[in-house]
Amino acid sequence: MAAPATLLNSSVGKKIVMAITGIVLSLFVLGHMAGNLQAFLPNGPEALDHYGAFLRELLHGTGIWFVRGALLLAVGLHAWAYLSLTQKSWAARPKGYQVNDFEEATFASRSMRWTGPILAVFIVYHLMHLTVGNVHPRFVEGKVYQNLVTGLAPVPVALFYVLAMGCLAFHLWHGAWSMLQTLGLSHPKYLAARKVFAIAFTVLVTGGFVVVPLAVLAGVLK
Ligand code: HEM
């Protein structure tokens, strides 16, 4: 068996790192999306505030830092693996040759180059907006529902969230598809199943996220 360092330096090892960190991040977005949907419950404001308090108090306040640390590590490794894979394939390609050899150059695969950076910018802004509150003029510590609704009320902010969720859709679609391939479902007989899973997961997660800013814009959440 290859030593861990050798495996990490290989393309296969990096693809496995991308797949595993992708799964961790996908589970996070799935859970986060489901948590946000509590805003639509009849007791939405209390439900969301309690949920936020529960997360912050988990394991006497240390749980949230484990989660934050794990997410940061996952994002860092995910980006590192992608960048070193693309660098390798760019270095290997003949001058002027446009196709990236580590993935088939579909529109969704090419889009990873810009959806990844846009999502990184979104995440930094999103944390400053709804977690730290320093770019949210009406932020009140612990008032998760109120911060959400007042924070998404300005149209440009809500539209930025909608745009970011569009990027998330492309990213998840191609990411889920590639992840299943890396994990062994590359045989043509799994093609249809991979397509269905990638599309269903993308629609579920991004659909569940995007209804929140849209509902604030439409005055459904207030
Ligand atoms: C429309 C889309 C989204 C909405 C409405 C939303 C809403 C929220 C809210 C209200 C919080 C604060 C929770 C609290 O203080 O308890 C939060 C935190 C957070 N969100 Fe989102 N979110 C969205 C999309 C995303 C996406 C796509 C990601 C990641 C890819 C993400 C990552 C995070 C992270 C990392 C936190 C901080 C958790 C912590 O450490 O306290 N969010 N989000």
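Residues numbered from 1 in each chain as written. Predicted model: local features only at pLDDT ≥ 70, side-chain atom pairs only at ≥ 80, totals over all residues. Heavy atoms only, no water.

A. Quick look at the site of the ligand. Taken together, 22 residues form the shell around the ligand, and within it His32, Asn36, Arg56, Arg68 and His126 come nearest. Within the side chain of Arg56, an N or O atom sits 3.1 Å from an oxygen atom of the ligand. Between Arg68 and the ligand, the recorded distance is 2.5 Å, taken from a side-chain N or O atom to an oxygen atom. Put simply, the parts of the chain that give the shell around the ligand at least two residues each are helix 2 (11–36), helix 3 (44–57), helix 4 (63–92), helix 5 (107–132), helix 6 (144–152), helix 7 (155–182) and helix 8 (191–217). (Near = heavy atom within 4 Å. Polar contact = N/O pair within 3.5 Å; in protein donor to acceptor, adjacent residues only side chain to side chain. Helix = DSSP H or I, 4+ residues; strand = E, 2+ residues; numbered from the N terminus.)

B. Fine view of a nonpolar patch on the surface. Together, Phe54, Leu55, Leu58, Leu59 and Phe66 make up an exposed nonpolar region whose accessible area comes to about 500 Å². Locating Phe66 in the fold gives a position in helix 4. Given the relative accessible area of 59%, Phe66 is considered exposed. (Patch = residues over 30% accessible without salt bridge, like charges linked within 9 Å, V, L, I, M, F, W, Y side chains within 5 Å. Areas by Shrake-Rupley, 256 points an atom, 1.4 Å probe, with all protein chains shown as cover. Salt bridge = Lys/Arg side-chain N within 4 Å of Asp/Glu carboxyl O. Buried < 20%, exposed > 50% of the residue type's maximum accessible area, 1.4 Å probe, protein only.)

C. Spatial organisation of the coordination of the iron atom of the ligand. Distances from the iron atom of the ligand to its protein donors, namely His32 (NE2) and His126 (NE2), fall within the range 1.9 to 2.0 Å. Seen from the iron atom of the ligand, its six donor atoms lie at angles of 85 to 179°, and the figure they make is octahedral. On the criterion of sequence distance, the pair formed by His32 in helix 2 and His126 in helix 5 is long-range, its members being 94 residues apart. The class for His126 is buried, based on a relative accessible area of 18%. (Donors = N, O, S within 2.8 Å, 3.2 Å for Na, K, Ca; no water. Tetrahedral: all angles 85-135°; square planar, octahedral: opposite > 155°, others 65-115°.)

D. Looking closely at the packing of aromatic side chains. The tally for this structure, following the rule as stated, stands at six aromatic pairs. Ring geometry for Phe122 against Tyr161: centres 5.1 Å apart, planes inclined by 90°, an arrangement best described as edge-to-face. With Phe122 in helix 5 and Tyr161 in helix 7, the pair connects residues that are 39 residues apart, well separated along the chain. Both residues of the pair, Phe122 and Tyr161, belong to the buried class. The positively charged end of Arg68 is found above the aromatic ring belonging to Trp65, 4.4 Å away from the centroid. (Phe/Tyr/Trp six-rings, centres within 6.5 Å; stacked < 30°, edge-to-face > 60°. Lys NZ or Arg CZ within 6 Å of the ring centre and 35° of its normal.)

E. Quick peek at the environment of Leu185. Mapped onto the fold, Leu185 is located in the loop between helix 7 and helix 8. Judged by relative accessible area, which is 31%, Leu185 ranks as partly exposed. Taking C-alpha positions, Leu185 is 42 Å from Asn147, a pair spaced 38 residues apart along the chain. Those residues in contact with Leu185 that sit more than four places away from it in its chain are Leu180, Tyr190 and Arg194. (Contact = heavy atoms within 4.5 Å.)

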